[in-house]
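Summary of structural features
Here is what each chain is made of, one letter per residue.
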Amino acid sequence: MSQQKSDYDDVGIDEALDSLPSDEELDAAVENLEANGFDVTVVDTRAEALEAVSSMIPDGATVMDGHSTTLEEIGFIDHLMEGDHAWENLHADVWAIDDDAERFTARRKAQTADYFVGGINAIARTGELVAADLSGSRIGAYPFAAGNVVIVSGVNKVVADLDAALDRLENVAYPLENERAQEAYGVESAIAKQLVYRKEPTEGRTSVVLVREQLGY
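Quick caveat: nothing in here was measured; it's all calculated off a predicted structure.

Secondary structure summary: the protein contains 8 helices and 10 strands in total. For a compact globule of 217 residues, the expected C-alpha radius of gyration is about 17 Å, and the protein comes in at 16 Å, within 12% of that figure. If you line up the protein on its principal axes, its C-alpha atoms span 45 × 40 × 30 Å. Counting across all 217 residues of the protein, residues that qualify as buried make up 51%. Sequence separation of at least 24 residues holds for 80% of the intrachain contacts in the protein that already meet a minimum separation of 6. Carbon and sulfur atoms make up 46% of the accessible area of the protein, which amounts to about 10,200 Å² in all. Taken as two groups, the 16 positive and 43 negative side-chain charges of the protein have centres that lie 6 Å from each other.

If you want it as structure tokens, here you go:
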């Protein structure tokens, strides 16, 4: 089950870095993301987000996901796992492996999926994306490993600039993810491996789906 912000009401976050942008602010973010080489789609609802993401992935493609509350909220994880598609589900393949060492190796190989789908921790209106992991199992695919990347985000993650995006990572995403990790895995999280995704030089490789809803951490 998706663990949402409401599950962690006692976790202090900077609400100013988790608010919905104005139309003008969102337009500026889209313009600058596109100028930096990202393909951007803006949708109104999580149902439209699922449809948009699904339409980007061709039949027969290998698909892997990085953990993302946003992907859970739009229904992508259920869709991927239920199998009502013509993709090769690497997530299911990986977690069907009983041996820990073999599973770890398979997780690494899955970073090179034809399509890697995930979330992001912050989006600067100046056109940069910011994310972090404890292990790097999600963000490792973004800059190079995956053939194509699809990033899904609520517009609540859009902030003024790169400094604000880094602040959002520290003061919104991390406190919430730390609580989730302790509940889900019994361990604390950490901003151990951090990515600032400034540009996508390969045309058509990285798509960003922005949802006009408050989603994810």
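What follows continues from the structure just given.
A few words now on the environment of Met56. With respect to the helices, strands and loops of the structure, Met56 is situated in helix α2 (residues 46-56). Sequence separation between Met56 and Ser207 is 151 residues; the distance between their C-alpha atoms is 8.8 Å. Setting aside residues no more than four positions away along its own chain, Met56 makes contact with Thr41, Tyr115, Val150, Ser207 and Val209.

Another point: helix α8 (residues 162-185). Considering bend angle alone, the principal kink of α8 is centred on Ala173 and spans about 40°; proline Pro175 follows within four residues of it. When α8 is considered as a whole, its buried residues turn out to be Leu162, Ala164, Ala165, Arg168, Leu169, Val172, Ala173, Pro175, Leu176, Asn178, Arg180 and Ala181. Contact partners of the buried residues in α8: α3 (69-74), β5 (122-124), β6 (129-133), β8 (158-159) and β9 (193-197). For α8, the side-chain oxygen to backbone nitrogen distance between the N-cap and Asp163 is 3.3 Å, and the N-cap itself is Asp161.

Before going further, it helps to examine the pairing of strand β4 (residues 115-118). Note on strand geometry: in a regular strand, side chains alternate between the two faces of the sheet. Here β4 shows no split at all, with Tyr115 and Val117 on one side and Phe116 and Gly118 on the other all buried. In the sheet, strand β2 (residues 62-65) pairs with β4 via 3 bridges, with the strands oriented parallel. Bridging from a neighbouring strand, Met64 pairs with Phe116 of β4. Across 4 bridges, β4 lies against strand β7 (residues 148-154) in parallel orientation. Bridging from a neighbouring strand, Val117 pairs with Val150 of β7.

A few words on the sheet that holds β5. The strand order across the open sheet formed by 4 strands is β8-β5-β6-β9, and the pairing between neighbours is mixed. The strands lining the two open edges of the sheet, one partner per strand, are β8 and β9. Strands in contact with α8 are β5, β6, β8 and β9; relative to β6, the strand with the most contacts, it is inclined by about 25°.

So, on to the pattern of salt bridges. Scanning the model with the defined rule gives 9 salt bridges in all. The salt bridge involving Arg180 is made with Glu177; its shortest N-O contact spans 2.9 Å. Remark: Glu177 and Arg180 occur in helix α8; sequence separation between them is 3 residues, near one turn of the helix. Overall, Arg180 belongs to the buried group, its relative accessible area being 4%. It is possible to trace a salt-bridge network through shared partners that takes in Asp23, Asp44 and Arg212.

Calculation criteria
- Residues numbered from 1 in each chain as written.
- Predicted model: local features only at pLDDT ≥ 70, side-chain atom pairs only at ≥ 80, totals over all residues.
- Heavy atoms only, no water.
- Helix = DSSP H or I, 4+ residues; strand = E, 2+ residues; numbered from the N terminus.
- Rg over C-alpha atoms; globule rule 2.2 N^0.38 Å.
- Buried < 20%, exposed > 50% of the residue type's maximum accessible area, 1.4 Å probe, protein only.
- Contact = heavy atoms within 4.5 Å.
- Areas by Shrake-Rupley, 256 points an atom, 1.4 Å probe, with all protein chains shown as cover.
- Lys, Arg positive; Asp, Glu negative; His and termini not counted.
- Charge placed at Lys NZ, Arg CZ, Asp CG, Glu CD.
- Bend = angle between axes of the 7 residues up to and from the residue.
- Polar contact = N/O pair within 3.5 Å; in protein donor to acceptor, adjacent residues only side chain to side chain.
- Pairing = 2+ DSSP bridges.
- Axes fitted to C-alpha atoms, helices over the stretch in contact; angles between N-to-C directions.
- Salt bridge = Lys/Arg side-chain N within 4 Å of Asp/Glu carboxyl O.

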